[in-house]
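Listed here are the chains, written in short residue letters.
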Amino acid sequence: MKTQGNLAYPDAQSGSAAEPSAESPPALLPVAAVDARLVARVVDRLVAALGQSLPVSAAAAEKRPGSHPSLQPCRWDEVANAGDADASVAAIVLLLAAKHDAAQTALVDDIARRAKESPGTRVLLVGTFLRHFADARTIRDEAEVRRRLDGVPITFLRAGHLLGDGTRLACRLRSLSWLAPLVPRRISSTFLNESDLWAMVATEAAEAGTMRRASCRELTLLGRNRPWREVLGEHNPGGPLSAGLRGLATVLSFLLVGQLVALFVGPLRRWSSRLRSCWFDTLYPQSVTELLSLYNRYGYRDVKVVGYNTGVVHFGQTFPGRTVVSTIKTAGPPRIDGYRVKLDAGTLMRTTIDALRADDKELFVVPNYSYISMGTCFFVPVHGSGSEVTTVADTIERVLLYDPVEDRLVATSRSEEAFGRYLYNPASGALLLRLYVRAKEKSRYFVKQETLSATSGEAVLEVFADREPSNIEIRKSQAASETIDVYKYYDQGDGEGGGAGALEMPKDAIGRLWDRLEENPISSYLFHAMVRKFGYHVELFFTKEEFVRFWETHTELPISKIQLRYVKQDGMPHSPFGKHDCISADLFMRRKHSSVFQEYLRNNFSHVQSNVGKHSMLAG
Ligand SMILES: Cc1cc2nc3c(=O)[nH]c(=O)nc-3n(C[C@H](O)[C@H](O)[C@H](O)COP(=O)(O)OP(=O)(O)OC[C@H]3O[C@@H](n4cnc5c(N)ncnc54)[C@H](O)[C@@H]3O)c2cc1C
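Residues numbered from 1 in each chain as written. Predicted model: local features only at pLDDT ≥ 70, side-chain atom pairs only at ≥ 80, totals over all residues. Heavy atoms only, no water.

> How would you explain the nonpolar core if you had to name every residue and give the values?
If you look at the biggest cluster of nonpolar residues, it comprises 43 residues, and the most contacted ones within it are Phe378 and Leu401. Counting residues per element, the ones that place at least two in this core are β15 (340-344), α13 (349-358), α14 (376-379), β17 (396-403), α15 (417-422) and β19 (431-441). For this core, the leading source of residues is β19, giving 4 residues. Shared between two domains, this core holds at least three residues of each, these being domain 2 (329-441) and domain 3 (445-614). Contact partners of phenylalanine 378, with chain neighbours within four places excluded, come to Ile396, Val399, Leu401, Phe419, Tyr422, Leu423, Tyr424 and Leu432. Membership of the second largest hydrophobic core comes to 32 residues, among which are Val463, Leu587, Phe605 and Val608. (Core = buried A, V, L, I, M, F, W, Y, C linked by side-chain atoms within 4.5 Å. Buried < 20%, exposed > 50% of the residue type's maximum accessible area, 1.4 Å probe, protein only. Helix = DSSP H or I, 4+ residues; strand = E, 2+ residues; numbered from the N terminus. Domains from an automatic or database assignment. Contact = heavy atoms within 4.5 Å.)

Dropping the structure here:
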């Protein structure tokens, strides 16, 4: 296993630089309320300078509510004129103004000069998280600051909406708190306690000297994702006026006024980055750098990394308080090298299949649905119909992960202990960045179907004992049905007389339908919305003994579809089939019946393993 202490960002974005201001730096910086956006009570352009021999303004420190005790705020003119150019400065912290102006240009130039005089000094730039919403001004201003600090190690620290006694947002929330009953719960954003921001700044500043020189780091601390309704409610100033207005808002909410306003405002987010930053629960970073800036050691608990996001969109999974961050837009094309494919975690299986097909190759395992990110296959058992290899993960040879708990990159291969520590273990918190997957020559498949009477569990196990097909699937349309449909898949050459019935992909007719539905945005929306609202899905991994018991007792259950597969033991510590072969039972029912089923599970199979990727209503 190889690890890296300092993170390298392989695709750091440079951004476009704006025209520099023509104004020359003033000797003394003007005292003005320049940073009212970040912290309302700051009356000066504060700079916290850490290191030795630097003056500290106690008065300025007192003006900085909620600041961290190890930060020493002082005015830049005091620092710049300290006259001790040789003093070693670990970090200079600059709160970026809401709008990059001439004063900030002068300050940044001065800081660049000071930092270059003291090699090793890192400049920490504290600003807004609007960049993640493609806010043009933020991107332009950051690029300008970055350009002016060229050659100086810098860290961008971006914050979600800041909450705290002195923040401007808190003042606004107090005056608008009465609106809380009107705001629909689905309108949410991220809120960060000011003290958490300063704790991050303090840690980054303290560790600045140990970081790689000349590197540019980017860290975002979003904070918890919470409904505005809840946050507004917490800022109720009390008093009769507020109570009266709140009563009025409650009456208006019964008339659905809030819902109607939300219906109108929602689509406007498309055109306004600021509106998007006020109403979101999912982010789609555009690069690995941006993904890593969002998923870092300070804020990873507030983020849920996903792939194509089927868990939320199709199965209705929820992650309260966390912002869902999808990897899907960070992916580059698959890189095929012989029988091995190098993939970014966000690469779609669909894209991978197409790239391999152009090379007359294919994956060992092809599921019915190919709108799945390849990175997901490391955490979720994804299986297909035609292959004797059980899951996609069985064909993953190497991975590159970021472990936020240890704050380091981990490169590990299948034979190493670390690989097993992360495989099928979303609870590890690791973010998968890259994977190497085995591929094979393209095959054609043949399927033979037969209908049998659904007798005992032992008889079903007998069907799976047939070793001639490459894979066997069993379907039962209703729990009470008296027959089962058996599908036996044969790789090319194994089947008898496949001829015209040969399949390009080892999928049945219904499997081919799923991809078609996803290709069209309207059918995709309707399909997922229907299943999310009315369906309940779970995949259970039974031992053979458990399966026989399940088969004896399941016929009374309100299950609409059962699909069975044989899953081979893989010996991995977090695998649901690590210790023994299993029968996977993929079960679908109407959502209204889910409580009956859950009750049945609690009473009969309280410890049965399930598939986290295919579980409706899973919350984590
Ligand atoms: C119509 C349909 C048909 C299906 N058919 C099959 C089938 O034939 N066989 C089968 O096995 N499954 C099938 N599935 C289930 C599917 O494989 C799972 O739902 C899978 O999880 C979807 O992939 P995703 O990328 O959208 O997952 P997501 O919901 O995006 O992610 C699942 C989990 O993976 C983890 N994760 C993903 N990427 C990363 C990363 N980079 N770093 C850290 N953690 C990560 C997270 O914990 C996340 O919660 C089907 C689903 C549908 C909707």
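> Please provide a residue-by-residue account of the sheet that holds strand β21 (residues 471-476), values included.
Within the open sheet, the 7 strands sit side by side as β20-β22-β21-β24-β25-β23-β26. Their pairing is antiparallel. The open sheet has two edge strands, β20 (445-453) and β26 (609-610), and neither has a second partner. Here strand β24 (residues 561-567) pairs with strand β25 (residues 582-590) via 7 bridges, running antiparallel. Residue glutamine 563 lies in a different strand from β25, and its bridge partner there is aspartate 586. Helix-sheet contacts for helix α18 (residues 521-534) involve β23 (535-542) and β25, and the interaxial angle to β23 is about 75°. Together, β23 and β25 form the strand contacts of helix α20 (residues 594-604), whose direction differs from that of β23 by roughly 20°. (Pairing = 2+ DSSP bridges. Axes fitted to C-alpha atoms, helices over the stretch in contact; angles between N-to-C directions.)

> Tell me about the site of the ligand, and please be specific about residues and values.
Surveying the vicinity of the ligand reveals 32 residues, the closest of which are Gly307, Asn309, Thr310, Gly311 and Thr376. Separating an oxygen atom of the ligand from a side-chain N or O atom of lysine 304 is a distance of 2.9 Å. One nitrogen or oxygen atom from the main chain of histidine 383 is found 2.8 Å from an oxygen atom belonging to the ligand. Relative to its unbound accessible surface of 980 Å², the ligand loses 95% to contact with the protein. At the level of secondary structure, the elements contributing two or more residues to the shell around the ligand comprise β12 (303-306), α12 (310-313), α14 and β19. The biggest single contributor to the shell around the ligand is β12, with 3 residues. Residue-level mapping places the shell around the ligand at the junction of two domains, with at least three residues from each of domain 2 (329-441) and domain 3 (445-614). (Near = heavy atom within 4 Å. Polar contact = N/O pair within 3.5 Å; in protein donor to acceptor, adjacent residues only side chain to side chain. Areas by Shrake-Rupley, 256 points an atom, 1.4 Å probe, with all protein chains shown as cover.)

> Any chance you could break down a nonpolar patch on the surface for me, citing the residues and the numbers?
A cluster of nonpolar side chains, contributed by Leu256, Leu260 and Leu263, occupies part of the molecular surface with about 330 Å² of accessible area. The residue leucine 263 is located in helix α9 (residues 257-265) in this model. The exposed category is assigned to leucine 263, whose relative accessible area is 59%. (Patch = residues over 30% accessible without salt bridge, like charges linked within 9 Å, V, L, I, M, F, W, Y side chains within 5 Å. Salt bridge = Lys/Arg side-chain N within 4 Å of Asp/Glu carboxyl O.)

> Could you give me a rundown of the packing of aromatic side chains, with the residues and numbers involved?
Taken as a whole and judged by the stated rule, the model has 20 aromatic pairs. Taking the centre distance of 4.9 Å and the plane angle of 70° together, the rings of phenylalanine 133 and phenylalanine 280 count as edge-to-face. Taken together, the residues phenylalanine 133 in the loop between β5 (122-128) and α4 (136-148) and phenylalanine 280 in the loop between α10 (273-278) and β11 (282-283) connect sequence positions 147 residues apart. Using a relative accessible area of 5% as the deciding quantity, one classes phenylalanine 133 as buried. Within the aromatic cluster, the residues linked to one another by ring pairs are Phe542, Phe547, Phe550, Trp551, Phe597, Tyr600 and Phe605. Taking NZ or CZ as reference, lysine 329 lies 5.3 Å from the ring centre of tyrosine 284, over its face. (Phe/Tyr/Trp six-rings, centres within 6.5 Å; stacked < 30°, edge-to-face > 60°. Lys NZ or Arg CZ within 6 Å of the ring centre and 35° of its normal.)

> Pulling in residues and values, what's your account of the confidence of the model for the protein chain?
On average, residues of the protein chain score 84 in pLDDT, and 81% of them reach the 70 mark or higher. For residues 493-498, every residue scores under 50 in pLDDT, and the model assigns this stretch 6 contacts once sequence neighbours within four places are set aside. (pLDDT = per-residue confidence, 0-100.)

> Account for the side chain of aspartate 135, naming residues and giving values.
Examined against the element boundaries, aspartate 135 turns out to sit in the loop between β5 and α4. According to the relative accessible area criterion, aspartate 135 is buried, its value standing at 6%. Among the polar contacts listed, one links the side chain of aspartate 135 to the side chain of threonine 138, at a separation of 2.6 Å. Sequence-distant contacts of aspartate 135, that is, excluding residues within four places in its chain, are made with Leu130, Ser273 and Arg274.

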